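In case you want the letters, here they are:
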Amino acid sequence: MRIAFGGISIEATNFSPVPSTLDDFIIYRGEALVASDRYPFLKELKAEFVPTLFAQAWPGGAVDAHTYQILKGELLARLTAIGPVDGFYLDLHGAMKVDGMDDAEADLAADIRAIVGSRARIAASMDLHGNVSQTYVASIDLLTAYRTAPHRDALETRHKACRMLVDAIANATETQIACVPIPVLLSGEATRTDMEPGRHLWGALPEIDKIPGVLDASLFVGFAWVDEPRAHAAAVITGTNTAVIQREAQKLAQAYWAARHEFKFGTPVGSIDECIQWALAADEACVFISDSGDNTTAGAVGDIPGCLASLLTHNVPSAVVAGLTDATAVVACVQAGVGATLALRLGGKLDTAHGQPLPVHGKVISLFDGGREQDRQVVFQVANVKVILTERRSAFTQVSDFTQVGIDPLAHKIVVVKLGYLFPDLLRIAPLAYMALTPGAAAQDLARLPYRRIQRPMYPMDSEMAWAAE
Ligand SMILES: [Zn+2]
């Protein structure tokens, strides 16, 4: 059994003014993909897995069309060169906005299908924040998605997709996918799976898997920061019995719809000034505040200095801003060297709709070179605030992201992160967390985003609408 594999994986928002280009992608080709730590389970599976290309980028603005064509072209060329295969494993995020396209994943899947032929099986794994269309699922045979957000099951989801694919080929199982779109568009922060109603909705999926005729049940939140017709939630069931998978997808879609009013943010939310005041009044020695509008893990730019300005206005006793994208400032600090004091205009150079450069005086505390993935970072002290300046858009999602630049987050009264919800490693250590409803490309107030092309009516934009799954 020969199975080719690869994919293009990015969460991309067209509300960001900064496009994602070839330079933003880390690309694994051929054997380098096998050698990566992404698929440790392949050797356990009874098939020959043949790598093509896997390209992954940090969440960002829409992928420019030329970049997409280059990446897809190389993936398809490598697939063609492999020759006949029994299957293809497609490794995706699922929310790839490509400039000028409405459904990049459907385009990619269709082109892969055209090469492998109608008899080969295609299985895909996705993030539950991906956007799924009928056109896309028509090109593939098997689909599974994460069941946790914050994500803890990425590896096992990829493993499950490959296992289902091997089994379907080995047993010549005829599979189908039922996809029921749900006219609900909510943020990942409002739909966590570790609190209700997400906990019971996603917690029920393993039970659906056990129903005869079903192979996998997946529930997609979708990705809200993109203006495409496929941006909405979806219930997607893969299986062998058409009537059963359609019925279960409808039931799952209806359950999500019924719970729509119950979704809430997992942490208290307020303006940045409110969050700072609450943090200063809190007994906890350290409080995390998410700068949610400029959340780089949802594709925002990461250069809005608004929270830094507020921390300075409040004259906080100690704080960290992690981080602030500003390549110019990083270069200036590197040239000045550790210990130098200098005047800088921080941030506000890319997302000019939501921020403007903040003039500050400060001192270079430390320099760090994160290599190809993170580029250079600088800890720059302004009054009582340590600002981690980053050359490339990045996110501080785990403790090691802080310690590698010499910062112990828990030693500071306030830690501002450009995230929405805290990722598991920070959730584990944070004594207390608030989410600031700040402006930016990933603003949480979805009803105020400039959508023109999503389907309507859509909850919560059309809050009084009626709907039934069919
Ligand atoms: Zn996600």
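Going along each chain's sequence as written, the residues are numbered from 1 onward. Side-chain atom pairs in this predicted model are given and counted only at pLDDT of 80 or more, local residue features only at pLDDT of at least 70, and totals for whole chains, interfaces and linings cover all residues. Side-chain numbers here rest on the full set of heavy atoms in the structure, without hydrogens or water.

Secondary structure counts use DSSP, requiring at least four H or I residues in a row for a helix and at least two E residues in a row for a strand, with both numbered from the N terminus. Helix and strand content of the chain: 14 helices and 20 strands. Considering only C-alpha atoms, the chain reaches an extent of 70 × 50 × 40 Å along its principal axes. Restricting to contacts in the chain with at least 6 residues of sequence separation, those with at least 24 account for 75%. Accessible surface for the chain amounts to roughly 17800 Å². Of this, 52% is attributable to carbon and sulfur atoms. One finds the centroid of the 39 positive side-chain charges in the chain at a distance of 2 Å from the centroid of its 53 negative side-chain charges. In what follows, a contact means two residues having at least one pair of non-hydrogen atoms within 4.5 Å. Under the convention used here, a 1.4 Å probe and the Shrake-Rupley method define accessible areas, while residue burial counts only the protein chains that appear. Within this scheme the basic residues Lys and Arg register as positive and the acidic residues Asp and Glu register as negative, but His and the chain ends are omitted. Charge positions are represented by NZ for Lys, CZ for Arg, CG for Asp and CD for Glu.

Within the secondary structure, alanine 447 sits in the segment after β20 (433-436). Categorising residues by exposure relies on relative accessible area from a 1.4 Å probe, with only protein chains included: less than 20% of the type maximum marks a residue as buried, more than 50% marks it as exposed, and the intermediate range marks it as partly exposed. Using a relative accessible area of 51% as the deciding quantity, one classes alanine 447 as exposed.

Attention now moves to the sheet that holds strand β9 (residues 176-182). Being paired, for any two strands, means DSSP has found at least two bridges between them. Read across the sheet, three strands follow the order β9-β11-β10 without closing on themselves; strand pairing throughout is antiparallel. For this open sheet the edge positions go to β9 and β10 (214-220), each flanked by a neighbour on one side alone. With strand direction ignored, the average angle separating the axes of adjacent strands in the sheet is 10 degrees. Helix axes are fitted to C-alpha atoms over the stretch in contact, other axes to C-alpha atoms as well, and angles between N-to-C directions run from 0 to 180 degrees.

Listed as protein donors to the zinc ion are Asp127 (OD), Asp127 (OD), His129 (ND1) and His151 (NE2); their distances from the metal cover 2.1 to 2.6 Å. Note that water is not among the atoms used; donors are N, O and S atoms within 2.8 Å of the metal (3.2 Å for Na, K and Ca), so sites may look incomplete. Irregular is the default label, applied whenever a site is not tetrahedral (four donors, all angles between 85 and 135 degrees) and neither square planar nor octahedral (four or six donors, opposite donors over 155 degrees apart, all other angles between 65 and 115). Bound by four donor atoms, the zinc ion shows angles of 53 to 135 degrees at the metal and therefore irregular coordination geometry. Mapped onto the sequence, the residues coordinating the zinc ion show the spacing D-x1-H-x21-H. Here histidine 129, found in the loop between β7 (121-126) and α4 (134-138), pairs with histidine 151, found in the loop between β8 (142-145) and α5 (154-170); they are 22 residues apart in sequence, far enough to count as distant.

With that settled, consider the nonpolar core. With 44 residues, the main nonpolar core has Tyr68, Phe88, Ile112, Val132, Tyr136 and Leu143 as its most contacted residues. We define a nonpolar core as any set of buried Ala, Val, Leu, Ile, Met, Phe, Trp, Tyr and Cys residues linked to one another through side-chain atoms lying within 4.5 Å. Ile276, Cys307, Val330 and Val416 belong to the second-largest nonpolar core, a separate cluster that totals 33 residues.

Turning next to helix α10 (residues 306-313). Residues Cys307, Leu308, Ser310 and Leu311 constitute the buried set of α10. Projected down its long axis, α10 carries its buried residues within an arc of 160 degrees, all on one side. Residue asparagine 315 follows α10 closely and has a positive phi angle near 50 degrees. Throughout, the arc means the angular range of directions from the helix axis out to the C-beta atoms.

Once that is clear, we can look at the state of the cysteines. Disulfides are defined as pairs of cysteine sulfur atoms found within 2.5 Å of each other. Taken as a whole and assessed by the stated rule, the structure comprises zero disulfides. Of all cysteine sulfurs, the one in cysteine 275 lies closest to cysteine 307, which takes part in no disulfide; the gap is 8.5 Å. Classification of cysteine 307 as buried rests on a relative accessible area of 3%.

Here threonine 67 shows up in helix α2 (residues 65-82). Accessibility expressed as a relative area gives 3% for threonine 67, which makes it buried. For threonine 67, the contacting residues outside a window of four places in its chain are Ser20, Thr21, Leu22 and Phe25.

With that settled, consider helix α11 (residues 327-336). Considered for burial, the residues of α11 that qualify are Ala329, Val330 and Cys333. End-on, the buried residues of α11 take up no more than an arc of 100 degrees, which puts them together on one face. Across α11 from its buried face, at more than 90 degrees, point the exposed residues Thr328 and Gln335. On the buried face of α11, the contacting elements are β15 (341-346), β16 (358-369), β17 (376-382) and β18 (385-390). Counted as a polar contact is a pair of N or O atoms within 3.5 Å, where, for protein atoms, one must be capable of donating a hydrogen and the other of accepting one, and residues adjacent in sequence contribute only when both atoms are in side chains. You can read the cap of α11 off the contacts: a side-chain oxygen lies 3.3 Å from the backbone nitrogen of threonine 328, and it is on aspartate 326. Where α11 ends, the next residue or the one after it, glycine 337, has phi of about 90 degrees, a positive value.

Moving on: the packing of aromatic side chains. Any pair of aromatic rings gets described here by the distance separating the centres and the angle formed by the planes. Stacked, tilted and edge-to-face are the three classes applied to pairs of Phe, Tyr and Trp rings, where Trp contributes its six-membered ring and a pair requires centres within 6.5 Å; stacked means planes under 30 degrees apart, edge-to-face means over 60, and tilted covers the rest. In total, this model carries 12 aromatic pairs according to the counting rule given. Judged by centre distance (6.2 Å) and plane angle (90 degrees), the ring pair of tyrosine 39 and phenylalanine 41 falls under edge-to-face. Its relative accessible area of 3% is what places phenylalanine 41 among the buried residues. Here tyrosine 421 and phenylalanine 423 contribute two aromatic rings whose centre-to-centre distance is 6.2 Å and whose plane-to-plane angle is 55 degrees, an arrangement assigned as tilted.

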